[in-house]
Amino acid sequence: MNRFLGLVLAGIVGVMAWSGVGIAAEGGYSKQKVVYHINGDDPKQQAGALRNIQNHIDAVGRDNIDLRVVMHGDGVSLVLLPEALDKVKGFKHANADQQMQARIDGLKDQGVQFKVCNNTLTGRKTSADEHLYMVDQADIVQSGVAELAHLQSQGFTYIKP
């Protein structure tokens, strides 16, 4: 009887592991898909958001998380180069100084994807190549809010720091 219960228990654990239910990874968390939404231009709030993202990765494990940052409106100031501020319209801040760049690089090295709203770039006459820090065409989405909705429909958890 004990052997039978052991086999049943092993089968249940195997099914749970196969389905990903109840089995935790590194820090005790299962695989996560998360999108962070940034649409404000306060440099302290943006730096805090990047700290939250790093803490999130540290807790879950970089191989156990699919993390995206979606920026639109004033949030694009996170990657706006300071020297570009007077060349674009509609931004009060350009927060991609050396310290912010180092944080962004560190997160990208851990697999974080930064997505930028094309509607914002067009409306504010901002060039990814000339005015933004490390943003290429693959990082640009048609609409920031549409991207947020799309990711949520794909099972990403929404976080607004």
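Structural data are supplied above this passage.
From a predicted model like this one, the values you see are computed outputs, not experimental measurements.

Cut-off values and rules
- Residues numbered from 1 in each chain as written.
- Predicted model: local features only at pLDDT ≥ 70, side-chain atom pairs only at ≥ 80, totals over all residues.
- Heavy atoms only, no water.
- Helix = DSSP H or I, 4+ residues; strand = E, 2+ residues; numbered from the N terminus.
- Buried < 20%, exposed > 50% of the residue type's maximum accessible area, 1.4 Å probe, protein only.
- Contact = heavy atoms within 4.5 Å.
- Areas by Shrake-Rupley, 256 points an atom, 1.4 Å probe, with all protein chains shown as cover.
- Expected span 1.5 Å × (residues − 1).
- Arc of directions from axis to C-beta.

Considering the overall build of the protein chain
A count of helices and strands for the protein chain gives six helices and five strands. When the helices and strands of the protein chain are read in sequence order from the N terminus, they spell out α-β-α-β-α-β-α-α-β-α-β. Counting all 161 residues of the protein chain, 42% fall into the buried class. Contacts in the protein chain between residues at least 24 apart in sequence constitute 73% of all its contacts with a sequence separation of at least 6. Put simply, the protein chain shows about 9000 Å² of open surface, and 53% of that area lies on carbon and sulfur atoms.

With respect to helix α3 (residues 98-109)
With twelve residues, α3 extends 16 Å from end C-alpha to end C-alpha; this agrees with the ideal 16 Å at 1.5 Å per step. Listing the buried residues of α3 in full gives Met100, Gln101, Ile104 and Leu107. Angular distribution of buried residues about the axis of α3 spans 130°; they occupy a single face of the element. Residues Gln98, Gln99 and Asp109 are exposed on α3 and point more than 90 degrees away from its buried face. Tucked inside the fold, the buried residues of α3 contact α2 (43-60) and β3 (113-117). Just beyond α3, the residue with positive phi is Gly111, at close to 95°.

Some words on helix α6 (residues 144-153)
Those residues of α6 not exposed but buried are Gly144, Glu147, Leu148 and Leu151. All buried residues of α6 project into a common sector of 100° when viewed along the axis, lining one side. Residues of α6 that are exposed and point over 90 degrees away from its buried face: Val145 and Ser153. Turning to α6, the residues buried within the fold contact β1 (32-38), β2 (65-71), β3, β4 (140-141) and β5 (157-159). Positive phi shows up at Gly155, right after α6, with a value of about 95°.

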